[in-house]
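# Inside the fold
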Amino acid sequence: MPTVREARRLVAQSLMRAGSASPGLDARLLVEGSLGVESADPDLILTAQALARLDDFAARRVAGEPVWRILGEREFWGLPFRLSPATLEPRPDSETIVETALARLAGRREENLQLLDLGTGTGCLLIALLSELPQARGLGIDLSEEACRTAAANAALNGVDGRVTFRQGSWTEGLSGRFDLIVSNPPYIPSAEIATLSVEVREHDPLLALDGGADGLGPYRLFVSALPPLLAPGGVIIFEIGAGQGPDVVALMRAGGLEFRGSRNDLGGHERALIFTLA
């Protein structure tokens, strides 16, 4: 039976031949996942059960399944989030939304804020925000019932389940009340571009969470009229956007009477978060 060091080397070689962009990192994560431990002793000998799991993990990765899908969990904002076929993987670039929201609410962190997350998926945005806003309560909406169940489980995993509700629904349909913060990472990939995405995305991320319509702006057009009545005085709206969509989304929201308050770039320097308030 191989040691951890040997297993990592063999898996990395296999992934390199398959064209992985990060074979060493992938191999380390898969070996640790097969053992169920982090930072395993390099000289530890794998059990037969761990080796069988690793063989399965490696075959799935070679076939194009993302590492975090294989492991079933990914970290976001320093918190663990379990995945399901109905949810996107939480990605580091989306932490820009959380950072931006917390900066806008800097003087209100101890208030009883009401938060709304549209297209909640794993619940990562809303749960991360609730972890930083101890008096806030949140509502997450997703068209997928499975996504809502996944998000609810993640809320319990991260200790905020007493302050959040997840509801199946189509965007703002049937919603009432006012919210101090509305966030959304909606589908924003133009339909025709889905087929050009990497195999990790097009074959493993849910289409429902990717396809933003012909030009990728479908959800934002719905938000133009739907969100102003739901925003409390002094409240803020923060969207995630795709590459180059900033000017179009800003124009849409301004036409609907919202005031553009600036944008924030992600770790790669790309415009990622747009900020709006009532005019």
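Let me begin by describing the structure that accompanies this report. If you're wondering where the values come from, they're calculated on a predicted model, not measured in any experiment.

What counts, and at which threshold
Residues numbered from 1 in each chain as written. Predicted model: local features only at pLDDT ≥ 70, side-chain atom pairs only at ≥ 80, totals over all residues. Heavy atoms only, no water. Buried < 20%, exposed > 50% of the residue type's maximum accessible area, 1.4 Å probe, protein only. Helix = DSSP H or I, 4+ residues; strand = E, 2+ residues; numbered from the N terminus. Contact = heavy atoms within 4.5 Å. Salt bridge = Lys/Arg side-chain N within 4 Å of Asp/Glu carboxyl O. Phe/Tyr/Trp six-rings, centres within 6.5 Å; stacked < 30°, edge-to-face > 60°.

## With respect to helix α5 (residues 95-104)
For α5, the full list of buried residues reads Thr96, Ile97, Val98, Thr100, Ala101 and Leu102. Those residues of α5 that are buried lie in contact with β1 (73-76), α6 (124-132), β6 (179-184), β7 (231-240), β8 (258-265) and β9 (271-278).

## Some words on the pattern of salt bridges
Here the structure, examined in full by the defined rule, presents 18 salt bridges. Arginine 60 is paired through a salt bridge with glutamate 65; the nearest N and O atoms lie 2.9 Å apart. The class for glutamate 65 is buried, based on a relative accessible area of 15%. The partner of arginine 109 in a salt bridge is glutamate 132, with the nearest N and O atoms 3.7 Å apart. Of the two residues, arginine 109 is situated in the loop between α5 and β3 (114-118) and glutamate 132 in helix α6; the sequence distance between them amounts to 23 residues. Assessed through its relative accessible area of 28%, glutamate 132 is described here as partly exposed.

## Quick look at the environment of aspartate 205
By the element assignment, aspartate 205 lies in the loop between α8 (199-202) and α9 (218-226). Accessibility expressed as a relative area gives 7% for aspartate 205, which makes it buried.

## Comments concerning the packing of aromatic side chains
Scanning the entire structure with this criterion turns up seven aromatic pairs. Ring geometry for tryptophan 171 against phenylalanine 223: centres 5.2 Å apart, planes inclined by 90°, an arrangement best described as edge-to-face. Note that tryptophan 171 is positioned in the loop between β5 (164-168) and β6 and phenylalanine 223 in helix α9, a separation of 52 residues in sequence. Of the two residues examined, tryptophan 171 and phenylalanine 223, each falls in the buried class. Geometrically, the ring pair formed by tyrosine 220 and phenylalanine 239 is edge-to-face, given 5.6 Å between the ring centres and 75° between the ring planes. In this pair, tyrosine 220 sits in helix α9 while phenylalanine 239 sits in strand β7, placing the two residues 19 residues apart along the sequence. Taken individually, tyrosine 220 and phenylalanine 239 each receive the classification buried, so the pair is uniform in this respect. Each member of the aromatic cluster is reached from another via a ring pair, and the members are Trp171, Tyr220, Phe223, Phe239, Phe260 and Phe276.

Taken by themselves, the reported measurements are silent on function.
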